[in-house]
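What the coordinates show
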Amino acid sequence: MTSTTNPADGADALLGPADIRELAAALGVRPTKQRGQNFVIDANTVRRIVRTAEVRPDDVVVEVGPGLGSLTLALLEAADRVTAVEIDEVLAAALPATIEARMPARADRFALVHSDAMVVRELPGPAPTALVANLPYNVAVPVLLHMLDRFPTIERTLVMVQAEVADRLAARPGNKVYGVPSVKANWYADVKRAGSIGRNVFWPAPNVDSGLVSLVRREKPVETTATKAQVFAVVDAAFAQRRKTLRAALAGWAGSAAAAERALVAAGISPQARGEALTVEEFARIAEAGQAEAGQDEAAQDAEAGQ
């Protein structure tokens, strides 16, 4: 079911406030807080997002949470292909018809995956080169990290998230909001704030501001012999008790405060430092040192058992 208007491809193909409300009414859709749904109703905003994302004519873009298709249509104008991942059954069923009605010449360049983005493990068609999305506030960080991890061909990402989340993702060491999302996002990409979005471009208008975050995939991964899981375990432990020194905060991870101190010293990190002061590379060094420490303990235990 689609809007009653049937514009040709071009400026009028994008959805405006009246189109959004008409589509929603026809589908019996009311945005739900449970899924963090706030539909963008301003065509200038979605075009701005596409420009800021630097979407190119050869890009294969994956979009998470397309909703009624506001951003999807703007992406189809600029990219080679767009694959949208939508969890809502009604919205997923309606979106292909909206694309066909409003942008028929590009409809064959669009694919839909009806799924929770957190469990998506493959996408149809060519591998994605970019991720552009208005992410639901309540799941923004885990969805972003999952997509970056699962699809290493994604070179450039631009996400619209709650302003507070945007600040956390883009924070640098030493910033008071620097934490787990900041470090984990930086494992994959160079992260920066890319703008702010007001509340009046959404329906319904949220009671918080939104921000754009740009993530450009690292040309070279973080150099470390530790696995991502090992590094992230250190990050989680360090920020679980962020007011504590690393010697204390990592005691559970290392097995004891003394073992944590040995790992920190081996990594060249002050045991009195706190997690909010460390870069992702420094967390990786701690993970490496922790593995070496564990290996020495195992060797000592084996030697004792052999006596």
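Before reading on, note that the structure itself is shown above.
Report on the accompanying structure. (Residues numbered from 1 in each chain as written. Predicted model: local features only at pLDDT ≥ 70, side-chain atom pairs only at ≥ 80, totals over all residues. Heavy atoms only, no water.)

**Let's talk about the overall build of the chain**
Helix and strand counts for the chain stand at twelve helices and nine strands. Overall, the chain is about 80 × 35 × 30 Å in size when its C-alpha atoms are taken along their principal axes. Contacts spanning at least 24 positions in sequence make up 71% of the contacts within the chain whose residues lie at least 6 apart. Of the roughly 14,200 Å² of accessible surface on the chain, 50% is carried by carbon and sulfur atoms. Averaging the coordinates of the 33 positive side-chain charges in the chain and doing the same for the 37 negative ones gives two points 6 Å apart. (Helix = DSSP H or I, 4+ residues; strand = E, 2+ residues; numbered from the N terminus. Contact = heavy atoms within 4.5 Å. Areas by Shrake-Rupley, 256 points an atom, 1.4 Å probe, with all protein chains shown as cover. Lys, Arg positive; Asp, Glu negative; His and termini not counted. Charge placed at Lys NZ, Arg CZ, Asp CG, Glu CD.)

**A closer look at helix α4 (residues 89-102)**
Between its first and last C-alpha atoms α4 spans 21 Å; for 14 residues at 1.5 Å apiece the expected length is 20 Å, and the two agree. At Leu95, α4 shows its strongest bend, of approximately 30 degrees, with the proline Pro96 following within four residues. Inspection of α4 places Leu91, Ala92, Ala94, Leu95, Thr98, Ile99, Ala101 and Arg102 among the buried residues, and these make up the whole buried set. Lining the buried residues of α4 we find α1 (17-27), β1 (39-40), α3 (70-78), β3 (81-86) and β4 (110-114). Capping the start of α4, Asp88 holds a side-chain oxygen 3.0 Å from the backbone nitrogen of Val90, two or three residues further along. (Expected span 1.5 Å × (residues − 1). Bend = angle between axes of the 7 residues up to and from the residue. Buried < 20%, exposed > 50% of the residue type's maximum accessible area, 1.4 Å probe, protein only. Polar contact = N/O pair within 3.5 Å; in protein donor to acceptor, adjacent residues only side chain to side chain.)

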